[in-house]
Amino acid sequence: QVQLVESGGGWVQAGGSLRLSCAASGCIFSTSGWFRQAPGKERESVAVIRWTGTTYLADSVKGRFTVSRDNAENTVYLQMNRLKPEDTAAYYCATGVTGRDLTSPAGYSYWGQGTQVTVSS
């Protein structure tokens, strides 16, 4: 059974940093994604890390966020720097690619429970 467990969310002032972790069990991380969802908004892609190690970052976070993977720990990370109030959302990791569009929530089978990030101005 595949399980993804996110951690590292919390409250931070604008300009601060957080590091989210997503630990997997029951599978070996290959291509995976980070998404976020703010209240009343659709879930949106934040970052993708392919099995090759290549990465994608949404324009809204480029230059501030980085995505990485530790194969030995079977964990993916989302380092978030220079956080803004508009980054406030529940953040989810996902894996188990089912579609071609890695920036679409429909492209993944397995999801974590999410971790809340709140950025105050």
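Structure: see above.
Let us look at the structure shown here. (Residues numbered from 1 in each chain as written. Predicted model: local features only at pLDDT ≥ 70, side-chain atom pairs only at ≥ 80, totals over all residues. Heavy atoms only, no water.)

What follows concerns the state of the cysteines. For the structure shown, the criterion picks out one disulfide. Not engaged in a disulfide, the cysteine Cys-27 finds its nearest cysteine sulfur in Cys-22; these two sulfurs lie 8.7 Å apart. (Disulfide = S-S within 2.5 Å.)

The strand order across the open sheet formed by four strands is S1-S3-S8-S7, and the pairing between neighbours is antiparallel. The open sheet has two edge strands with one neighbour each: strand S1 (3-7) and strand S7 (65-70). Ignoring strand direction, the axes of neighbouring strands in this sheet form an average angle of 15°. As defined by bridge partners, S7 adjoins strand S8 (residues 75-80) across six bridges and the pair is classed as antiparallel. Counterpart to Phe-65 in the pairing with S8 is Met-80. (Pairing = 2+ DSSP bridges. Helix = DSSP H or I, 4+ residues; strand = E, 2+ residues; numbered from the N terminus. Axes fitted to C-alpha atoms, helices over the stretch in contact; angles between N-to-C directions.)

A few words on the packing of aromatic side chains. Under the criterion given, the structure shown has four aromatic pairs. Ring geometry for Phe-35 against Tyr-108: centres 5.5 Å apart, planes inclined by 80°, an arrangement best described as edge-to-face. Here Phe-35, found in strand S4 (residues 32-37), pairs with Tyr-108, found in strand S10 (residues 108-111); they are 73 residues apart in sequence, far enough to count as distant. For the pair Phe-35 and Tyr-108, one class covers both residues: buried. Judged by centre distance (6.5 Å) and plane angle (75°), the rings of Tyr-92 and Trp-111 are edge-to-face. Linking Tyr-92 in strand S9 (residues 89-97) with Trp-111 in strand S10, this pair joins segments that are 19 residues apart in sequence. What makes Tyr-92 buried here is its relative accessible area of 14%. One cation-aromatic arrangement involves Arg-19 over Tyr-77; the distance from NZ or CZ to the ring centre is 3.9 Å. The ring of Tyr-92 has Arg-43 sitting right over it, with the charged end atom 3.8 Å from the ring centre. (Phe/Tyr/Trp six-rings, centres within 6.5 Å; stacked < 30°, edge-to-face > 60°. Buried < 20%, exposed > 50% of the residue type's maximum accessible area, 1.4 Å probe, protein only. Lys NZ or Arg CZ within 6 Å of the ring centre and 35° of its normal.)

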